[in-house]
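# Structural features, examined
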Amino acid sequence: MPLAEKGDRSSLATSEVPPVDGTPAIKKRFNFWTAFGVAVCTSGAWEGWTASIAQGLAGGGPVCLLWGWLIVSVGIICMACALAEFVSFMWPSAGGQYVWAANLAPVKYSRSLSWATAWLGVAGLWLGALSCGMGVAVQIQSYVIVTTDYDPKTWHAFLICIACMLCWAAVNIFSVQFLHYMNTAILVLHVVGYLVVIGVLAGYTKEKHEAAFVFTNFQNRTGWDSDFVAWSVGLLSALYAYFSLDTVTHFSEEIPRANVVVPRAMILQAGATALMTLPFIITVLFCIGDIDEVLASPIGVMSPFTQILINSTSNVGLSCFLNCISSVVAMTAGFDLWGAAARAIWSMARDQALPGAFAKLHPRLDVPVLANLVLLLPSVAVFMIYIWNTTAFYGIMAGVLVAFQLSYVLPIGINIFYAAWWRPDLVKGPFNMGRISLPVHIIAFFFGCYMVLFMSFPVYNPVTAANIIIGATLIFALALWLVYGRKRYYGPLEFTAMEVGQIDAIVSKAAQS
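Residues numbered from 1 in each chain as written. Predicted model: local features only at pLDDT ≥ 70, side-chain atom pairs only at ≥ 80, totals over all residues. Heavy atoms only, no water.

## Points about the packing of aromatic side chains
Under the convention used in this document: Stacked, edge-to-face and tilted labels apply to pairs of Phe, Tyr and Trp rings (six-membered ring for Trp) whose centres lie within 6.5 Å, assigned for plane angles under 30 degrees, over 60, and everything in between, in that order. Helix and strand labels come from DSSP, where a helix needs a run of H or I of at least four residues and a strand needs a run of E of at least two; each type is numbered from the N terminus. Summary of the burial criterion: residues with accessible area below 20% of their type's maximum are buried, those above 50% are exposed, and those between are partly exposed, where the area comes from a 1.4 Å probe applied to protein chains only. To sit over a ring, a charge needs its Lys NZ or Arg CZ within 6 Å of the ring centre and within 35 degrees of the ring normal.
Tallied over the full model, the rule gives 26 aromatic pairs. Summarising the aromatic geometry, the rings of Trp67 and Phe215 are spaced 6.3 Å apart at their centres and angled 50° between planes, so their arrangement reads as tilted. Highlighted residues: Trp67 in helix 4 (residues 62-89) and Phe215 in helix 9 (residues 211-216), separated in sequence by 148 residues. Here Trp67 falls in the partly exposed class, since its relative accessible area comes to 38%. An aromatic cluster is defined as three or more aromatic residues linked by ring pairs; in this entry it consists of Trp46, Trp49, Tyr194, Phe280 and Phe305. Sitting over the ring of Trp346, Arg350 keeps its end group 4.4 Å from the ring centre.

Structure, rendered in structure tokens:
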């Protein structure tokens, strides 16, 4: 496919992906329901909120969980709209954020900014999948704890995580079409489970809290002297319910009319999650019982919502069954996040940010096999940390949200401070917010910065383990840039010939100096 003329990058917005080094474009095999299922499943929604409720209870209690939800929902909806606009008017690509950053940034800085964005995005997707595996593992252990005389071991959780990881890789290599049916089924489970859990909680709980407790009770159990800091770190529960906004964008090249379908799925997911989860949170807070008793139970940290259900229903079997909905959704999200990470790696290799071997599609399976396999060994290494140091492991996992938010903030910030003013050639796509576009992007940007700052804080003070994931990601990206990327990576494929020439000139000038 010929390159576009200078100043016409947006003309490629609906183009097919051109072949690179003989690698064919990936085939179209998904549709809107796949996209919407992936978006909902990887967002976490009410299931993700229940899995992370302990942090919100520690960081402010009911006030943080309820009013924090409203604040986070506004910020996330603005962020989803901003990212959806990028998907719509730029080339829908498996690369996602780094493609947007490269197209929006000044030519002089596009390579470095897109490179950093790419690695933050991959780190978020990959570690997001691993956090889903650990969530499944500790929830399974919690079910065994409350039903038998079981002493949970960290190496048991490790083995469960390895089993999850092998399942994700196998499906994403040998049965990728299964993702469509799985995510479509999850949509049904998501809605039915939502109604059932609310009904059971409201019907079984005999002693409910007063409205004053639900709407005004603030409790700081974090150890931070500042209630504002405690409140802010407690927003982790709400943010986990919007876990990943970008996963579906990495499947764009497998979805017809992706610049219409994918933005629609992203915005519907954010709006539906905001509206559905609010009454769920209110119901849980009325029925939560004694918060200190919940957190002090044997599974209070591992699976607090299971304990809340047990306290309300006095039925262990029913409680475990209902919380299994969250476990199933987490497992499914792992499939999606793993596949998205592999596609992001495939896209980077196609753009010469990684060796070309990772850009190859299997001739029969039509999937990037090596891009899936390369994730296995580092995943085992990260899971092994949990065996010897659970605190360090959770410190690494806490960086997932920061990685996601940074990968969103970078292209949004570039648009606000540069592209919106100096790139009149950018043509908006089918989803266009018009005059409110810039204000929405500004709200999303400052919200993302706020989340990056406070999600980097540990939930509990004093600090017992550093959050190393973002620093490690950036150091790795910098090292790889110096030894590989700066000589080979010129940006996404839709860069124009003139722009590549400008980049060459910049690189040559830097080398001479």
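## With respect to the packing of helix 1 (residues 32-43) against helix 15 (residues 316-350)
The condition that has to hold: Angles run from 0 to 180 degrees between N-to-C directions of axes, and those axes are lines fitted to C-alpha atoms, restricted for helices to the stretch in contact. Reported orientations rely on four angle classes, namely roughly parallel under 35 degrees, roughly antiparallel over 145, roughly perpendicular from 65 to 115, and oblique for the rest. In this scheme the crossing of two helices becomes right-handed for a clockwise turn of the near helix relative to the far one and left-handed for an anticlockwise turn of less than a right angle. Residue contacts follow a heavy-atom distance rule, with two residues in contact if any of their heavy atoms lie within 4.5 Å. Residues are grouped as follows: nonpolar covers Ala, Val, Leu, Ile, Met, Phe, Trp, Tyr, Cys and Pro; charged covers Asp, Glu, Lys and Arg; every other residue, Gly included, is treated as polar.
Packing of helix 1 against helix 15 leaves a shortest axis separation of 8 Å and a crossing angle of 120°. Here helix 1 is positioned oblique relative to helix 15, judged by the angle of their axes. By crossing handedness, the relation of helix 1 to helix 15 is classed as left-handed. Where helix 1 approaches helix 15, its residues Val38, Cys41 and Thr42 are matched on the opposing element by Val329, Thr332, Ala333, Asp336 and Leu337. Split by residue class, the contact of helix 1 with helix 15 holds five nonpolar, two polar and one charged.

## Here we look at the side chain of Asp366
Applied cut-off: N or O atoms within 3.5 Å of each other form a polar contact, as long as, within protein, one can give a hydrogen and the other can take it, and as long as residues adjacent in sequence are counted only when both atoms are side-chain atoms.
Structurally, Asp366 is set in the loop between helix 15 and helix 16 (369-373). Within the local environment of Asp366, its side chain forms a polar contact with the backbone nitrogen of Lys27, the two atoms lying 3.0 Å apart. With residues near it in sequence (within four places) discarded, Asp366 still touches Ala25, Ile26, Lys27, Arg29 and Leu361.

## Looking at unusual backbone geometry
Despite not being glycine, Arg257 has its phi angle at roughly 50°, a positive value. Within the fold, Arg257 resides in the loop between helix 11 (236-240) and helix 12 (258-287). Taking the relative accessible area as the measure of exposure, Arg257 reaches 56% and is therefore exposed. Despite not being glycine, Gln352 has its phi angle at roughly 70°, a positive value. Summarising the element assignment, Gln352 is placed in the loop between helix 15 and helix 16.

## Let's talk about the confidence of the model for the chain
Rule in force here: Note: pLDDT gives the predictor's confidence per residue, expressed from 0 to 100.
Overall, the prediction assigns the chain a mean pLDDT of 85, with 88% of residues at 70 or greater. Low pLDDT, under 50, characterises residues 1-23; the stretch is placed with 54 contacts to residues that sit more than four places away or in other chains. A low-confidence stretch, residues 495-511 (pLDDT under 50), is modelled with 29 contacts involving residues beyond four sequence positions or located in other chains.

## What to know about helix 4
The criterion, for reference: The span you would expect from a helix comes to 1.5 Å times its residue count less one.
The end-to-end C-alpha distance of helix 4 is 40 Å, a good match for the 40 Å that 28 residues give at a rise of 1.5 Å each. Of all 28 residues in helix 4, 23 are buried; the element is thus mostly enclosed.

## Quick look at helix 5 (residues 97-104)
Residues spaced three or four apart along an α-helix point in a common direction, a consequence of the helix completing one turn every 3.6 residues. By the criterion of burial, helix 5 is predominantly enclosed, with eight of the eight residues buried. Taken together, the buried positions of helix 5 are Gln97, Tyr98, Val99, Trp100, Ala101, Ala102, Asn103 and Leu104.

## Considering the nonpolar core
Our working definition: The definition of a nonpolar core used throughout is a set of buried Ala, Val, Leu, Ile, Met, Phe, Trp, Tyr and Cys residues joined through side-chain atoms within 4.5 Å.
Judged by nonpolar contacts, the single largest core of 164 residues is most densely connected at Trp49, Leu83, Leu104, Phe280, Trp338 and Ile412. Every residue in contact with Leu83, bar those within four places of it in the chain, is listed here: Trp100, Leu245, Met266, Tyr408 and Ile412.

## Quick word on the environment of Phe446
Along the chain, Phe446 turns up in helix 19 (residues 437-455). You can call Phe446 exposed: its relative accessible area is 54%. When the C-alpha positions of Phe446 and Gly75 are compared, they lie 8.7 Å apart, and in sequence the two are 371 residues distant.

## A look at the pattern of salt bridges
Let me state the cut-off plainly: Salt bridge, as used here, is a side-chain nitrogen of Lys or Arg placed within 4 Å of a carboxyl oxygen of Asp or Glu.
A complete count under the given rule lists six salt bridges for this structure. Between Glu254 and Arg29 there is a salt bridge, with its nearest N and O atoms 2.9 Å apart. Of this pair, Glu254 sits in the loop between helix 11 and helix 12 while Arg29 sits in the segment before helix 1; the two residues are 225 residues apart in sequence, bridging distant segments of the chain. With its nearest N and O atoms 3.7 Å apart, the salt bridge here joins Arg29 to Asp366. Residue Arg29 is located in the segment before helix 1, and its partner Asp366 is located in the loop between helix 15 and helix 16; the two are separated by 337 residues in the primary sequence. Of the two residues examined, Arg29 and Asp366, each falls in the buried class. Bridged by salt links that share partners, the residues Arg29, Glu254, Arg343 and Asp366 form one connected network.

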